[in-house]
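Spelled out, the chains give:
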Amino acid sequence: MDSIVVKGGGALSGAIPISGAKNACLTLMPATLLSEEPLTLTNAPRLSDIGTMTALLQSLGAEVASMQDGQVLAMSSHKLDNLTAEYDIVRKMRASILVLGPMLAREGHAVVSLPGGCAIGARPVDLHLKALEAMGATLDLREGYVHAEAKNGLKGGTFEFPFVSVGATENALMAATLAKGTTVLKNAAREPEIVDLADCLIRMGAQIDGAGTETITIQGVDRLGGATHPVVADRIELGTYMLAPAVAGGSVELIGGRRDLLTAFVEKLEATGVSVEDTDAGLRVTSQGRAKAVDVTTEPFPGFPTDLQAQMMALMCTAEGTSVLEETIFENRFMHAPELGRMGAKIDVQGGTATVTGVEQLKGAPVMATDLRASVSLILAGLAAEGETVVSRVYHLDRGYERLEDKLSACGASVERISS
Ligand code: UD1
């Protein structure tokens, strides 16, 4: 299993290109199941999760060709010859549940294993299922599989999500494009990945209004066509690398970075004293010395993203003062805290609240990655630490960060992958 060795200490200087968004790509890929015609995605990130979704789509009969070194995914679901998403693939990645809505909408029938994914809380899929039921689907849970039926096709309906769910909004949005009549999704997620999915579906011929707001209205159509669509920039990768110079010192330009993808995060980062400037190519982040502690509460978009909570904690470990980080989206999402503690951080976790008292200096240590965003927070902390930090179990990292070592090394960081 690979490890990443980080030698801390040096300030960063250089530019980092931001890849296409993992989370957008993982919902755009299942959209191919809605149409007999080809769907091509450009600006795709090269990540192991994309490989898992490729394998899942192929197991259903879709053709997926990876071109231009993985940055273009040419997909075609001319014919689906298997409507069962098997446990063996689905268990690797929770986003696999996103094939359910499209298969059901197109074929009137689908069987999907209940998913696994990162170990960050219970993460049920009940809202995905309830939204599909509101469109007339009959669902049956047997032996770990969801058996979904809509014999005469899905029908438009109104569904109000009791709380915001990104994945359930995506599943329902895709399914509704082929439902008969009008579907109204209330209290829908507003994440940029939802807007990107809606843009792609509209290119394929769907009729969608209001993506990016709380109410999305979809007028069902008989069929969708083909399209070519560029994947939106990865705002979580962007936020992660914006934190690198904040943690390590120095100045880094994020190529393709956009402030509007991360408004709440950028405001918090600026409140720590870091400077963020818009440039022709993206954003430039420059450290102004030791960061000041800020309090953070995670919220659905446009609030502070839960997927940047662990990385922000890495910055708070050496900030001046005490910061309170409140996690409201997922339970059990502080698994990085004890690992950061091994590096000398002072963190007290009580339920969904972590109180971080900044120390002047972290010390390198062997640490273990527990989930995707936790892993990268340990690497960020390693950049600020004295000595060497060895992060093991980095397969989590490869699910969501493309060529992380290369991107950070290009800015002068000492980050090396060791294969064993
Ligand atoms: C997506 C992102 C993930 C991010 C999360 C929140 C992808 C592939 N993943 O995950 O990186 O951290 O949004 O921004 O896009 N819930 C239920 N029932 C459901 C669905 C969700 O109770 O049917 C709960 C979850 O357990 C969680 C909360 O709702 O507590 C939000 O989850 P959701 O927005 O659905 O996250 P994902 O779509 O899984």
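As the structure is a prediction and not an experimental result, all values here were calculated from the model.

A.B. asks: Could you clarify how one ought to interpret the sheet that holds strand 16 (residues 275–278) in this entry?
C.D. replies: What holds strands together in a sheet is hydrogen bonding between their backbones, with the strands either parallel or antiparallel. The strand order across the open sheet formed by four strands is 2-15-17-16, and the pairing between neighbours is mixed. Looking at the sheet topology across the chains shown, the edges are occupied by strand 2 (12–17) and strand 16. Neighbour to neighbour, the strand axes of the sheet diverge by 15 degrees on average, direction disregarded. Alignment of strand 2 against strand 15 (residues 250–255), held across six bridges, turns out to be parallel. Bridged to G14 within strand 15 is V252.

A.B. asks: Any chance you could explain the layout of surface pockets here in plain terms?
C.D. replies: One water molecule sets the probe size; rolling that probe over the atoms shows where empty space is left. Taken as a whole, the second largest pocket spans an internal volume of roughly 250 Å³. Contributing to the lining of the second largest pocket are 15 residues, with A105, L178, V221, D222 and R223 lying nearest its centre. Among the residues forming the lining of the second largest pocket, the class breakdown is seven nonpolar, three polar and five charged.

A.B. asks: Where do I start with the pairing of strand 19 (residues 322–326) in this structure?
C.D. replies: A regular strand places its side chains so that they alternate between the two faces of the sheet. Only one face of strand 19 is covered, namely the one carrying S323 and L325; the face carrying T322, V324 and E326 has none of its residues buried. Bridging between strand 18 (residues 296–297) and strand 19 involves two bridges; their strand directions are parallel. Counterpart to V296 in the pairing with strand 19 is L325. Taking the sense of rotation as the criterion, the β-α-β connection linking strand 18, helix 10 (residues 309–316) and strand 19 turns out right-handed. Judged from the five bridges that link them, strand 19 and strand 21 (residues 353–357) form a sheet pairing that is antiparallel. The residue bridging S323 from the neighbouring strand is V356, located in strand 21.

A.B. asks: Help me out: how do you make sense of the site of the ligand in this one?
C.D. replies: The environment of the ligand is formed by 19 residues, the closest being D126, L127, S165, D307 and I329. Contact between the ligand and R94: an oxygen atom at 2.7 Å from a side-chain N or O atom of the residue. Between the ligand and D307 there is a distance of 2.6 Å, counted from an oxygen atom to a side-chain nitrogen or oxygen. Here the ligand loses 86% of its free accessible area of 740 Å² to cover by the protein chains. At the level of secondary structure, the elements contributing two or more residues to the shell around the ligand comprise helix 5 (126–134) and helix 6 (166–176). Per-element tally for the shell around the ligand: the top contributor is helix 5, with three residues. For the shell around the ligand, the class distribution of residues is nine nonpolar, five polar and five charged.

Cut-offs and rules
- Residues numbered from 1 in each chain as written.
- Predicted model: local features only at pLDDT ≥ 70, side-chain atom pairs only at ≥ 80, totals over all residues.
- Heavy atoms only, no water.
- Pairing = 2+ DSSP bridges.
- Helix = DSSP H or I, 4+ residues; strand = E, 2+ residues; numbered from the N terminus.
- Axes fitted to C-alpha atoms, helices over the stretch in contact; angles between N-to-C directions.
- 1 Å grid on protein atoms, 1.4 Å probe; cavity = no way out; pocket = protein on both sides within 12 Å on 5 of 7 lines; lining within 4 Å.
- Points joined across faces, edges and corners; volume = space filled by probe spheres on them.
- Nonpolar A, V, L, I, M, F, W, Y, C, P; charged D, E, K, R; others polar.
- Buried < 20%, exposed > 50% of the residue type's maximum accessible area, 1.4 Å probe, protein only.
- Right-handed = clockwise from strand over helix to strand, strands pointing away.
- Near = heavy atom within 4 Å.
- Polar contact = N/O pair within 3.5 Å; in protein donor to acceptor, adjacent residues only side chain to side chain.
- Areas by Shrake-Rupley, 256 points an atom, 1.4 Å probe, with all protein chains shown as cover.

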